[in-house]
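Observations on the three-dimensional arrangement
Now for the letters of each chain:
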Amino acid sequence: MEYNEKFFEQLVHSARSGIWVIDEHCRTTYVNPSMAEMLGYTVEQMLNKHLFEFLDENGIERAKINLARRREGQEEQRESVFIHKEGFAVYTNLVTWPVFDEQGQYRGAIAGVMDDSSRRGMLDELAEAKERLQVFDKVTVDGILIHQGGHIIELNDACCRIFEGSRKEIMTHDFTAMLLPEYKTLVIQAMHYDTVEKFEVKARSLTGKLLILELSSKRMHYRGDLVRVSVLRDVTQYKQTQTALEQIELTNQALIENAPEAIVLLDRKSLQILHANSKAGSLFGISVHRLLGHSLESFIIKHDGKLAGAGRTFDNLVQQALSCLAPLAEIKIQHQSGTAIDCELRLVSIQWQGASLLRVSLLDIRSRKRAQDKMKQLSSALEQSADLVMITDKNGIIEYVNHALLSVTGYQLEEVIGQTPALFKSKQHNSAFMKKLWKQILAGHSFRDVFVNQNKDGSVFYEEKTITPLKNEEGEITHFVSTGKDITERMEFQANLHHLAFHDSLTNLPNRALFNDRLKSSLQTAKRYRQKIALLFFDIDHFKRINDSLGHEVGDLLLKQVSKKLQQRLRGSDTVARLGGDEFAVILNNVKDDESIRQTASEIIELINQPIKLAERELFITTSIGIAVYPADGDDSLTLLKNADVAMYRAKAQGRNAFMFYQQEMNAHAFELLTLESELHRALQQQEFCLQYQPKICLRTGKMTGVEALLRWQHPEKGMIAPDKFVPLLEESGLILPVGQWVIEQALKDYRFWQSHGLFNLNLAINLSPAQLKDLKFIETLQSALAKYKLPMQCVELEITEHTMMIHGENSFLLMEQLRQLGTHFSIDDFGTGYSSLAYLKKLPVETIKIDRSFIRDIGVEVEDEIIVKTVIAMAKSLGYQVVAEGVENLKQVDFLRALDCDVAQGFLFSRPLSALDILQYQVQPETLPH
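Residues numbered from 1 in each chain as written. Predicted model: local features only at pLDDT ≥ 70, side-chain atom pairs only at ≥ 80, totals over all residues. Heavy atoms only, no water.

The chain appears in an unreviewed UniProt entry as EAL domain-containing protein from Catenovulum sediminis.

Here is the structure:
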């Protein structure tokens with residue numbers, strides 16, 4: 001926006017307030033003389049200067065935030081601090097309006113600026129007053145507040161404590177607004193007077209706490225202005241205490257009147273009754289009114305001057321109470337009818353309505369004494385019983401146990417009385433059991449069961465127990481009686497018999513009977529939930545030779561060792577059993593697929609193959625495993641066991657130390673794999689392996705930048721066999737190392753051949769297996785092959801799958817780092833299938849990411865895969881990786897990848913894998929890279 005000088009001169013040149021105009025870049029396009037004078041500059045000196053040149057660091061940060069708001073069209077009014085030409089701060093009030101052109105584009109801002117320094121001067125003087133107040137602040141708990149109406153000018157630290165906030169927080173509030181509504185109007189009216197003395201008000205602290213304040217206020221002159229100085233005293237606690245004391249007084253009266261026992265209050269000197277509750281009148285058999293003025297001692301029965309039942313004088317009890325004790329005694333009182341009543345007396349000195357009195361509590365204990373007498377009789381009879389006896393009150397508090405219970409549990413009497421039966425809890429009974437127990441006995445019925453309890457030493461014992469509720473004359477339950485017998489020996493004997501019946505005595509594994517029972521149970525569960533079960537049947541190969549040559553004792557020890565290994569390996573939900581001799585069986589419950597069964601079978605074979613030291617020698621044993629799977633191979637235990645047995649003998653027929661599935665198709669597949677494995681040994685010797693190369697095309701230039709070496713097997717009878725059929729067998733058999741060495745030798749030989757025919761600067765990618773990553777001689781092998789063909793290390797790029805990196809990356813890092821330092825390049829193959837992260841790969845010496853073909857294939861079909869490809873390329877680029885797309889098959893994919901700046905592509909669109917000779921003739925077809 002352009003500004004005409006004449007326009008400004010007419011409108012704002014003579015304005016007393018400062019006018020400041022900036023453009024969209026915060027450059028000054030206009031200031032009036034008042035603005036320039038305010039900051040100590042001339043108008044010419046301020047023009048074209050950036051706004052930030054007149055602000056300190058804090059002001060610049062605030063200005064950035066406010067500029068963003070103005071670009072959104074927001075006006076603002078605030079305090080602002082500018083820096084004067086002489087270096088001091090200029091305090092101002094600022095009003096700013098954003099300016100937009102006709103197209104709505106932000107073009108700058110206009111600000112009106114008022115000098116606020118005079119107000120700052122008053123604040124500085126108030127700060128001096130504040131320093132004087134702070135001296136007084138240290139010696140007073142009263143809050144001091146200086147204010148004009150509700151506007152707070154200054155306050156002391158005591159105010160901060162009273163209102164529970166910082167000085168800054170409190171000064172942002174209106175003082176009168178902090179008062180409760182019913183007091184706000186009263187205070188405002190009181191402020192019309194010069195002086196207000198001790199005016200009680202209620203307010204809220206900043207945290208919401210209710211405050212009761214005593215307010216005194218005086219009007220004062222300060223620099224020509226009237227201010228008010230108010231002193232606030234927090235009397236909240238005092239008022240609350242006063243109210244609480246009044247409430248306590250009322251509560252005490254209610255407690256005395258409604259107490260379950262008789263209560264009388266005595267004069268400390270005369271010991272006459274000054275107050276009594278209605279229970280006292282009932283206990284003595286006369287009205288409360290007639291009790292007053294009598295001596296309590298006159299109602300107490302004595303023998304030879306001493307209290308009947310207590311054996312001491314009443315004066316003795318009084319003296320103890322006056323000495324701040326609370327004596328307790330059993331006495332007898334005389335009822336108006338002449339009946340002697342057994343009571344429990346407690347005497348205590350109290351303050352009551354400002355006087356020092358003695359409070360006497362009298363509890364009728366006739367029922368309790370009758371119960372105690374009965375308990376003594378019962379105890380005498382039960383103490384001689386061989387049964388375990390326990391008596392509790394209705395709340396389960398133990399009041400009595402006999403000698404037999406203490407003898408069994410190992411506790412002393414004082415350790416048990418006053419506790420609950422939970423003292424013997426072994427945690428072997430669940431909440432449902434305990435809930436049933438309490439429900440039955442609280443309903444007044446007996447409960448019988450076998451309890452597993454715990455002794456003092458932590459050992460458990462079995463108790464055949466009956467719990468019976470006892471009721472009083474009114475039918476209320478008052479006690480529970482537990483009687484029981486210690487049946488631990490009987491239970492352990494039964495458990496041992498049960499264990500022997502269902503477990504093998506040698507290995508302690510489940511025997512055939514328990515195995516069959518568990519197999520039937522597993523089948524029922526599998527049928528109900530449509531799960532898969534695997535039955536593994538196996539024995540020790542040539543076990544008879546061990547028994548015959550080393551003896552049956554060694555054979556037994558061997559079976560124990562094998563059993564121990566199997567128990568440590570299998571899941572808790574699985575079952576391993578010894579069916580007899582050297583035969584074992586394993587039930588694998590809820591298996592997901594056949595691969596998990598194969599893995600478990602392989603691990604069992606590996607476990608058994610580990611050497612076992614027996615009879616001062618190491619034994620190396622093998623096993624053959626037959627596998628039957630429910631429901632495919634049978635839906636009952638006998639059929640599954642029979643089929644697993646058949647499969648085991650087929651495994652033995654194939655050479656032992658192997659596993660075999662019962663399914664005919666899988667047997668055929670296993671036979672085929674076994675045949676292929678034996679033929680792989682021959683293939684290396686007969687030179688049946690060959691290499692093909694797939695070109696890599698630069699998406700920017702359209703030129704071939706490199707090739708990937710691909711291993712193929714030209715079988716003499718079956719023709720070309722795909723690598724996914726035989727490479728896993730190479731890895732399992734260990735042939736991957738010699739075959740991998742051959743691949744490196746042949747690839748470098750072909751690379752040398754290309755150079756000899758004028759094909760240079762190709763990148764040669766060779767796939768690396770996990771076994772090669774762990775091979776300590778790999779670097780030596782690679783260097784030797786490169787030296788043989790006089791090739792630099794830089795021509796080789798080693799491809800490692802993402803899955804391999806996730807499993808072996810950390811362990812192979814040292815090898816990769818050594819190769820990188822020698823000049824070798826690394827790339828990650830099949831990226832996106834192994835759930836790794838680019839951040840993790842950044843730790844490894846990797847330069848190239850190859851996006852898996854499964855994501856490239858669905859470009860233009862699946863939006864999710866397109867998003868994944870976009871994300872991977874963007875992240876890889878940001879981290880400095882080169883990106884290669886695998887499996888490119890159409891032009892739409894090429895256009896998509898080029899738009900994302902993908903570096904290289906390979907796939908059938910450009911070429912199928914070629915022989916080394918065909919690579920020399922290869923040319924990129926123009927139509928595959930349209931411009």
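1. Looking at the overall build of the chain
Put simply, the rule is: The way it works is that DSSP assigns letters per residue, a run of H or I at least four long becomes a helix, a run of E at least two long becomes a strand, and they are numbered from the N terminus. The globule rule used for comparison is 2.2 Å times the number of residues to the exponent 0.38, while the radius of gyration itself is calculated over C-alpha atoms. Buried means the residue's accessible area, taken with a 1.4 Å probe over protein chains only, is under 20% of the maximum for its type, while exposed means over 50%, and partly exposed covers the values in between. By definition in these notes, contact holds between two residues if any of their heavy atoms fall within 4.5 Å. Charged residues are defined here as Lys and Arg on the positive side and Asp and Glu on the negative side; His and the ends of the chain fall outside this count. Lys charges are placed at NZ, Arg charges at CZ, Asp charges at CG and Glu charges at CD.
From N to C terminus, the chain includes 34 helices and 38 strands. Taking 2.2 N^0.38 as the reference for a compact globule, 931 residues should give roughly 30 Å; the C-alpha atoms of the chain span a radius of gyration of 49 Å, well beyond that estimate. Buried positions account for 43% of the 931 residues belonging to the chain. Within the chain, residue pairs in contact and separated by at least 24 positions form 52% of the contacts whose partners lie at least 6 positions apart. Each charge class in the chain can be summarised by its mean position, and for the 106 positive and 123 negative side chains these summaries are 4 Å apart.

2. A short note on empty space enclosed by the protein
Formally: The rule is simple: put a 1 Å grid over the protein atoms alone, call a set of points where a 1.4 Å probe fits but cannot get out a cavity, call an open set with protein on both sides within 12 Å along at least five of seven lines a pocket, and count a residue as lining if it has an atom within 4 Å of a point. Grid points are joined across faces, edges and corners, and a volume is the space filled by probe spheres set on the points. Lys, Arg, Asp and Glu make up the charged group, whereas Ala, Val, Leu, Ile, Met, Phe, Trp, Tyr, Cys and Pro make up the nonpolar group; the residues left over, Gly among them, are polar.
For the coordinates displayed, the defined rule picks out three cavities of 30 Å³ or more. Here the largest cavity is characterised by a volume of approximately 220 Å³. Lining the largest cavity are 21 residues, and of these Leu 51, Arg 70, Arg 78, Phe 82 and Leu 94 sit closest to its centre. Sorting the residues of the lining of the largest cavity by element identifies strand E1 (18-23), helix H4 (57-71), strand E3 (76-83), strand E4 (89-100) and strand E5 (106-115) as the ones contributing at least two each. Top element by residues in the lining of the largest cavity is E3. It accounts for six residues. Counted by class, the lining of the largest cavity contains 12 nonpolar, four polar and five charged residues.

3. Overview of the pairing of strand E24 (residues 575-580)
The side chains of a regular strand alternate between both faces of the sheet. Applicable threshold: Two strands are said to pair when DSSP picks up at least two bridges between them.
In terms of burial, E24 is a largely internal element, five of the six residues being buried. In sequence, E24 turns back onto strand E25 (residues 583-588) through a hairpin of two residues, with Gly 581 there showing a positive phi of about 55°.

4. What about the pattern of salt bridges?
Our working definition: We define a salt bridge as a contact between a side-chain nitrogen of Lys or Arg and a carboxyl oxygen of Asp or Glu at a distance within 4 Å.
This model, assessed by the stated rule, comprises 40 salt bridges. In this structure, Arg 578 and Asp 504 form a salt bridge, with 3.1 Å as the shortest nitrogen-oxygen distance. Of this pair, Arg 578 sits in strand E24 while Asp 504 sits in the loop between helix H17 (488-502) and helix H18 (512-529), placing them 74 residues apart in sequence. For the pair formed by Arg 578 and Asp 504, the shared burial category is buried. Among the salt bridges present, the one from Lys 850 reaches Glu 708, with a minimum N-O distance of 3.0 Å. Of the two residues, Lys 850 sits in strand E36 (residues 848-851) while Glu 708 sits in strand E31 (residues 704-715), which places them 142 residues apart along the sequence. We classify Lys 850 as buried; its relative accessible area is 0%. By sharing partners, the salt bridges in this structure join Lys 696, Glu 708, Glu 797, Glu 799, Lys 850 and Glu 886 into a single network.

5. Topic: helix H22 (residues 637-653)
We apply this condition: One fewer than the residue count of a helix, multiplied by 1.5 Å, yields its expected span. Here a polar contact is taken to be a pair of N or O atoms separated by no more than 3.5 Å, where protein atoms must pair a possible hydrogen donor with a possible acceptor and residues adjacent in sequence count only if both atoms sit in side chains.
Taking 1.5 Å as the rise per residue, H22 with 17 residues should run 24 Å; its terminal C-alpha atoms sit 25 Å apart, in good agreement. Taken together, the buried residues of H22 touch H18, strand E23 (533-540), E24, strand E28 (623-630) and strand E29 (659-661). Backbone nitrogen of Leu 638 and a side-chain oxygen of the N-cap are separated by 3.2 Å at the start of H22; the cap is Asp 636. Two residues or fewer past H22, Gly 655 is found with a positive phi of approximately 120°.

6. Here we look at the environment of Leu 328
By the element assignment, Leu 328 lies in strand E15 (residues 328-334). Judged by relative accessible area, Leu 328 falls into the partly exposed class, the value being 39%. In the structure, Leu 328 is positioned 20 residues away from Val 348 in sequence and 9.4 Å away in space, judged by C-alpha atoms.

7. A closer look at the packing of H18 against H22
What counts is decided by this rule: With axes taken as lines fitted to C-alpha atoms, and helix axes fitted only over the stretch in contact, angles between N-to-C directions fall between 0 and 180 degrees. Throughout this description, any angle smaller than 35 degrees is read as roughly parallel, any larger than 145 degrees as roughly antiparallel, any in the 65 to 115 degree range as roughly perpendicular, and the remainder as oblique.
For the pair H18 and H22, interaxial distance at closest approach is 10 Å and the crossing angle is 110°. Put simply, H18 runs roughly perpendicular to H22. Mapping the contact onto sequence places Arg 512, Phe 515, Leu 519, Lys 520 and Leu 523 in H18 and Ser 637, Leu 640 and Leu 641 in H22. In the contact of H18 with H22, the residues fall into five nonpolar, one polar and two charged.

8. Comments concerning the sheet that holds strand E21 (residues 460-471)
In a beta sheet, neighbouring strands pair by backbone hydrogen bonds and run either parallel or antiparallel. Ordered in space as E19-E18-E22-E21-E20, the five strands form an open sheet in which the pairing is antiparallel. Edge strands, defined here as strands with exactly one partner in the open sheet, are strand E19 (398-401) and strand E20 (447-454). Strand-to-strand, the axes of this sheet are offset by a mean angle of 25°, without reference to chain direction. With nine bridges connecting them, E21 and strand E22 (residues 477-486) associate as antiparallel partners. Directly across from Glu 463, in E22, lies its bridge partner Asp 486. Contacts from helix H16 (residues 431-442) reach E20, E21 and E22, with the element oriented near 135° to E20.

9. Focus: the packing of aromatic side chains
Applied cut-off: Between 30 and 60 degrees the pair is tilted, below 30 it is stacked and above 60 it is edge-to-face, where a pair is any two Phe, Tyr or Trp rings, Trp via its six-membered ring, whose centres lie within 6.5 Å. Criterion for a charge above a ring: Lys NZ or Arg CZ within 6 Å of the ring centre, and within 35 degrees of the ring normal.
Counted under the stated rule, the structure contains 18 aromatic pairs. When the centroid spacing of 5.7 Å and the interplanar angle of 80° are considered together, the rings of Trp 713 and Phe 726 count as edge-to-face. Of the two residues, Trp 713 sits in strand E31 while Phe 726 sits in helix H24 (residues 723-733), which places them 13 residues apart along the sequence. On the accessibility criterion, Phe 726 (0% relative accessible area) is buried. Pairwise contacts between aromatic rings join Trp 20, Tyr 41, Phe 54 and Phe 82 into one cluster. Its guanidinium or amino end placed over the ring of Phe 451, Lys 465 lies 5.3 Å from that ring's centre, counting from NZ or CZ. Over the face of the ring belonging to Phe 908 we find Arg 912, whose NZ or CZ atom lies 4.0 Å from the ring centre.

10. Thoughts on the pairing of E22
Bridge analysis of strand E18 (residues 388-393) against E22 gives six bridges, and the strand direction is antiparallel. Note that in E22 the partner of Val 389 across the bridge is Thr 483.

11. Observations regarding the side chain of Thr 28
Tracing the backbone through its elements, the reader meets Thr 28 in strand E2 (residues 28-31). Exposure remark for Thr 28: the relative accessible area of 1% places this residue in the buried category. At 2.8 Å, the side chain of Thr 28 forms a polar contact with the backbone oxygen of Lys 49. In contact with Thr 28, not counting residues within four places along its chain, are Trp 20, Val 21, Ile 22, Met 46, Leu 47, Asn 48, Lys 49 and Phe 54.

12. Some remarks on H4
An α-helix turns once per 3.6 residues; consequently, residues spaced three or four apart project the same way. Taking 1.5 Å per residue as the helical rise, H4 with its 15 residues ought to reach 21 Å, and the 21 Å between its terminal C-alpha atoms agrees with that figure. Where H4 is buried, its residues meet E1, E3, E4 and E5. Two residues or fewer past H4, Gly 73 is found with a positive phi of approximately 95°.

13. Details of the environment of Ile 621
One can find Ile 621 in the loop between strand E27 (617-619) and E28. For the pair formed by Ile 621 and Arg 16, sequence separation is 605 residues and the distance between their alpha carbons is 106 Å.

14. Some remarks on unusual backbone geometry
A cis amide bond, omega 10°, links Tyr 630 with the succeeding residue Pro 631. Within the secondary structure, Pro 631 sits in the loop between E28 and H22. Backbone geometry places Lys 427, a non-glycine residue, at a positive phi of 65°. Of note, Lys 427 is situated in the loop between helix H15 (413-416) and H16.

15. Description of the sheet that holds E4
Taking strand neighbours across the sheet as the criterion, the five strands line up as E2-E1-E5-E4-E3 in an open arrangement whose pairing is antiparallel. Unpaired on one side and paired on the other, E2 and E3 mark the two borders of the sheet. With strand direction ignored, the average angle separating the axes of adjacent strands in the sheet is 30°. As judged from the nine bridges shared by E4 and E5, these two strands associate in the antiparallel manner. Within E5, the residue paired with Thr 96 across the bridge is Ala 111.

16. What to know about the packing of helix H19 (residues 543-550) against helix H20 (residues 552-569)
Between H19 and H20, the least distance of the axes is 6 Å, while the angle of their chain directions is 135°. As summarised for this structure, H19 and H20 are arranged oblique, according to the angle between their axes. Each of Phe 543, Ile 546, Asn 547 and Leu 550 in H19 lies in contact with H20, whose residues at this interface are His 552, Val 554, Gly 555, Leu 558 and Leu 559. Among the residues forming the contact of H19 with H20, the class breakdown is six nonpolar, three polar and no charged.

17. Side note on the side chain of His 50
Structurally, His 50 is set in the loop between helix H3 (43-46) and H4. Classification of His 50 as buried rests on a relative accessible area of 18%. Here the side chain of His 50 touches His 25 through a polar contact of 3.4 Å, landing on its backbone oxygen. In this structure His 50 touches His 25, Cys 26 and Arg 27, once residues within four positions along its chain are discounted.

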